[in-house]
Amino acid sequence: MSQASGKLDRMRLEQPISVLKTRYVPGRWDVIAFILVFGLFAYLGATAHALTGSLAHLEAQPVSLDPRYLPGYAAQTALRMLVAMVASLLFTFTYATLAAKSRRAASVLVPLLDILQSVPILGFSITIVFFLSLTPGRVAGAELAAIFLVFTSQAWNMAFSFYHSLRSIPDELDEAARAFQLGPWMRFWRLEVPFAMPALIWNMMMSMSGGWFFVVAAEAISVGHTTVTLPGVGSYIALAIQERSLAAIGWAIAAMFVVILIYDQLLFRPLTASADWFRLEQEAGLMPSRSWALTMMRRSRLLGFGQSLFGSAIQLGFNRGAAPKPTPPRAAASAARGRLVDVAWYSAVAAIVALGAWRIGRLVMEHIPLAEVGHVFGLGFLTLLRVVVLIALASVIWVPIGVHIGMRPRLARTVQPIAQFLAAFPVNLLFPIVVSGIVVLKLNPNIWLSPLMILGTQWYILFNVIVGASSLSADLRYVGENLGVRGWLWWRRIALPAVFPFYVTGAITASGGSWNASIVAEVANWGSKHLTAAGLGEYIADATSAGDFPRTVLGIAVMSLFVVVLNRLVWRPLYERAERKFRVS
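Residues numbered from 1 in each chain as written. Predicted model: local features only at pLDDT ≥ 70, side-chain atom pairs only at ≥ 80, totals over all residues. Heavy atoms only, no water.

**What about unusual backbone geometry?**
Part 1 of the reasoning: The phi torsion at Q181 lies on the positive side, around 55 degrees, for a residue other than glycine.
Part 2 of the reasoning: Take Q181: it is sitting in the loop between α10 (171-179) and α11 (184-219).
Part 3 of the reasoning: Phi is positive for R244, close to 55 degrees, though the residue is something other than glycine.
Part 4 of the reasoning: Considering the arrangement of structural elements, one finds R244 in the loop between α12 (233-242) and α13 (246-275). (Helix = DSSP H or I, 4+ residues; strand = E, 2+ residues; numbered from the N terminus.)

This is the structure in structure tokens:
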């Protein structure tokens, strides 16, 4: 009896100790989380301190090719891209949501998104004067300009992906949200964001890679007589190309690989693993994706507290407004009033578009001969030919590969960081090989510079096809196997219809990105060697570097016109067909 009572007393003493350890003593994941969070804040603080410097001090310490400075350059570039990614995500959640839910807003926002996607990064470079004027003589304005330029290479792809996901929400999920009387706020966080998350995560990875593609232009930019060079990997690459230093380019590639690996482990790998939660169907026996960072986030009390705060912020909107009730058919007077509002809205939009076209036309005609305008349209057709041929070739190559990868989750997890690195590889780093090869072999630059346009944008097709193939219904696959559907019949009846909506999304962004990339691909420099391919990108690049504003506006306007017409005549009808015929329901 005494032994039993003694054992009971020990259990009573040990129980508070175990509770104390569980609740208050930090574990290994808490320690790791604290180190990472503290390191992040120290990193942000050091970088923010650099923003208070002056441009004169920045000019007094030019970018050096010494590899010792490269870790600091890589850290600054990584932060710019992270800030731009956060801004792109906020833009996506607001802009794309408004476009998907408002018919009148969509009539303006979707074509505007086509135009913004087609405007080259050099077209946005004129904003550098605006940002510099916000903080005269300080580095902060130049940093904001660089972040904005990186933002323009990330936001449009993410917005297209989220918009298309909202447009393709299955009817049964929409009815379930209405049955649970979810208000707009909770519907957004409980239905729309989770449904769009798998595709959005892959497009976030692609957008981050797209930021690397244009980071050279963002950090080492010249507009007329205004030149700003910020320390970073992009400006390091630009200087290495100017001085023809192959060793420096090798160090830049190594720094890029390290930064991409860190992003993959701390951001994209946890997001990809968590995306499995949001899939409509979970295949039995399939091992979930693993990520040590995601495990840390789940088990760390420090990060768990932050997650609970975010969850509480979402729950605040749980009772904000009931689900909209089905409205009865409108009376004739109400319908007529709605048609009148539509007429007024579209008339106002048409008037604004006409006014903008008139102002652009007046600016162009005052400074540029009419013959040159016709010549620019001819250059646009040359670039269009390159885009069409390259998108067709990329589709033939990457659609089968993307389907093969997407249907094998383990392979997809292996390929993900490799594809990220390849997609992030700036085309400028290939200039030594391409320029030297063209000069030595006496090749035609108009042909052999063209592949540079698709190197950075073909991955939009691959990433979106992988998402589409990974969402293919397991039941549909099993039915195909049981019925013996193989070969071309399997591709025509199962695989291609499943990935077609995702492919169109990727092809739209790849097409727009190829037009944007033409400013880099049609002008290749390696030291004193300068090669150009006749096209619209070469025209815009030359006009921007010369500070010729009217010709820059003309080139950008023609490029936007080509992209909008191509999207309206080809890509939009294809997407509407995909949405109508292949929508999940």
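Read on, since the account is not over.
**A closer look at the side chain of T383**
Part 1 of the reasoning: The residue T383 is located in helix α17 (residues 370-406) in this model.
Part 2 of the reasoning: On the basis of relative accessibility, which here comes to 0%, the residue T383 falls in the buried class.
Part 3 of the reasoning: In this structure T383 touches M453, W515, S518, E522, G535, L536 and G537, once residues within four positions along its chain are discounted. (Buried < 20%, exposed > 50% of the residue type's maximum accessible area, 1.4 Å probe, protein only. Contact = heavy atoms within 4.5 Å.)

**Thoughts on empty space enclosed by the protein**
Part 1 of the reasoning: Applying the stated criterion across every chain yields a total of 3 cavities of 30 Å³ or more.
Part 2 of the reasoning: The space that makes up the largest cavity amounts to roughly 170 Å³.
Part 3 of the reasoning: Surrounding the largest cavity, 16 residues form its lining, S153, F214, Y460, G513 and N516 being those nearest its centre.
Part 4 of the reasoning: Where the lining of the largest cavity is concerned, the elements lending two or more residues are α9 (155-167), α11 and α24 (487-521).
Part 5 of the reasoning: Element by element, the count of residues in the lining of the largest cavity is highest for α24, at 4 residues.
Part 6 of the reasoning: Tallied by class, residues from the lining of the largest cavity come to 4 nonpolar, 12 polar and no charged.
Part 7 of the reasoning: If you count residues domain by domain, the lining of the largest cavity takes at least three from each of domain 1 (70-279) and domain 3 (363-585). (1 Å grid on protein atoms, 1.4 Å probe; cavity = no way out; pocket = protein on both sides within 12 Å on 5 of 7 lines; lining within 4 Å. Points joined across faces, edges and corners; volume = space filled by probe spheres on them. Nonpolar A, V, L, I, M, F, W, Y, C, P; charged D, E, K, R; others polar. Domains from an automatic or database assignment.)

**Regarding the packing of aromatic side chains**
Part 1 of the reasoning: Evaluated as defined, the whole model comprises 18 aromatic pairs.
Part 2 of the reasoning: Ring geometry for Y73 and Y236: centres 6.2 Å apart, planes at 55 degrees, overall tilted. Note that Y73 is positioned in helix α4 (residues 70-101) and Y236 in helix α12, a separation of 163 residues in sequence.
Part 3 of the reasoning: For Y73, a relative accessible area of 8% translates into the label buried.
Part 4 of the reasoning: Both rings, one in F377 and one in F562, keep their centres 6.3 Å apart while their planes meet at 45 degrees; by these two values the pair is tilted. (Phe/Tyr/Trp six-rings, centres within 6.5 Å; stacked < 30°, edge-to-face > 60°.)

**Side note on the packing of α12 against α13**
Part 1 of the reasoning: Following both chains from N to C, one finds α12 and α13 inclined at 160 degrees, their axes separated by 9 Å at the closest point. Relative to α13, the element α12 is oriented roughly antiparallel. Once α12 is placed against α13, the crossing between them reads as left-handed. Contacts between α12 and α13 involve V233, Y236, I237, A240 and I241 from the first element and A248, I249, W251, A252 and M256 from the second. (Axes fitted to C-alpha atoms, helices over the stretch in contact; angles between N-to-C directions. Parallel < 35°, antiparallel > 145°, perpendicular 65-115°, else oblique. Left-handed = near helix turned anticlockwise from the far one by under 90°.)

**Some remarks on the confidence of the model for the chain**
Part 1 of the reasoning: For the chain, per-residue confidence averages 77 on the pLDDT scale, and 79% of positions sit at 70 or higher.
Part 2 of the reasoning: Counting contacts from residues 283-287, a segment whose pLDDT is below 50, to residues more than four positions away or on other chains yields 6 contacts.
Part 3 of the reasoning: Here residues 319-323 scores under 50 on pLDDT; set against residues more than four positions off or in separate chains, the count is 11 contacts. (pLDDT = per-residue confidence, 0-100.)

**A closer look at a nonpolar patch on the surface**
Part 1 of the reasoning: On the surface, I32, L36, F257, V258, L261, I262, L266 and W292 cluster together to form a nonpolar patch covering roughly 670 Å² of accessible area.
Part 2 of the reasoning: For the nonpolar patch, the secondary-structure elements that each account for two or more residues are α2 (28-51) and α13.
Part 3 of the reasoning: The element that contributes the greatest number of residues to the nonpolar patch is α13, accounting for 5 residues.
Part 4 of the reasoning: With respect to the helices and strands, I32 occurs in helix α2. (Patch = residues over 30% accessible without salt bridge, like charges linked within 9 Å, V, L, I, M, F, W, Y side chains within 5 Å. Areas by Shrake-Rupley, 256 points an atom, 1.4 Å probe, with all protein chains shown as cover. Salt bridge = Lys/Arg side-chain N within 4 Å of Asp/Glu carboxyl O.)

**Observations concerning the environment of L230**
Part 1 of the reasoning: By secondary structure assignment, the location of L230 is in the loop between β2 (226-229) and α12.
Part 2 of the reasoning: The exposure class assigned to L230 is buried, which follows from its relative accessible area of 2%.
Part 3 of the reasoning: The spacing of L230 and V139 is 91 residues in sequence and 8.7 Å in space, taken between C-alpha atoms.
Part 4 of the reasoning: Discounting chain neighbours no more than four positions away, the residues touching L230 are L58, V63, R80, V139, A142, E143, A146, E219 and S235.

**Considerations on the nonpolar core**
Part 1 of the reasoning: Membership of the largest hydrophobic core comes to 139 residues, with the highest contact counts inside it found for F162 and W515.
Part 2 of the reasoning: The element contributing the most residues to this core is α11, with 21 residues.
Part 3 of the reasoning: When residues of this core are assigned to domains, at least three map to each of domain 1 (70-279) and domain 3 (363-585).
Part 4 of the reasoning: Residue contacts for F162: discarding those within four places in its chain leaves T92, F93, A96, T97, F188, E192, V193, A196 and L200.
Part 5 of the reasoning: Residues L58, I128, V139 and L230 belong to the second largest nonpolar core, which totals 11 residues. (Core = buried A, V, L, I, M, F, W, Y, C linked by side-chain atoms within 4.5 Å.)

**Some points on the pattern of salt bridges**
Part 1 of the reasoning: For the structure shown, the criterion picks out 10 salt bridges.
Part 2 of the reasoning: With its nearest N and O atoms 3.0 Å apart, the salt bridge here joins R187 to E192.
Part 3 of the reasoning: Accessibility expressed as a relative area gives 2% for E192, which makes it buried.
Part 4 of the reasoning: The partner of R551 in a salt bridge is E372, and the shortest N-O contact between them spans 2.8 Å. Taken together, the positions of R551 in helix α26 (residues 549-581) and E372 in helix α17 put the pair 179 residues apart, joining distant regions of the chain.
Part 5 of the reasoning: We classify R551 as partly exposed; its relative accessible area is 23%.

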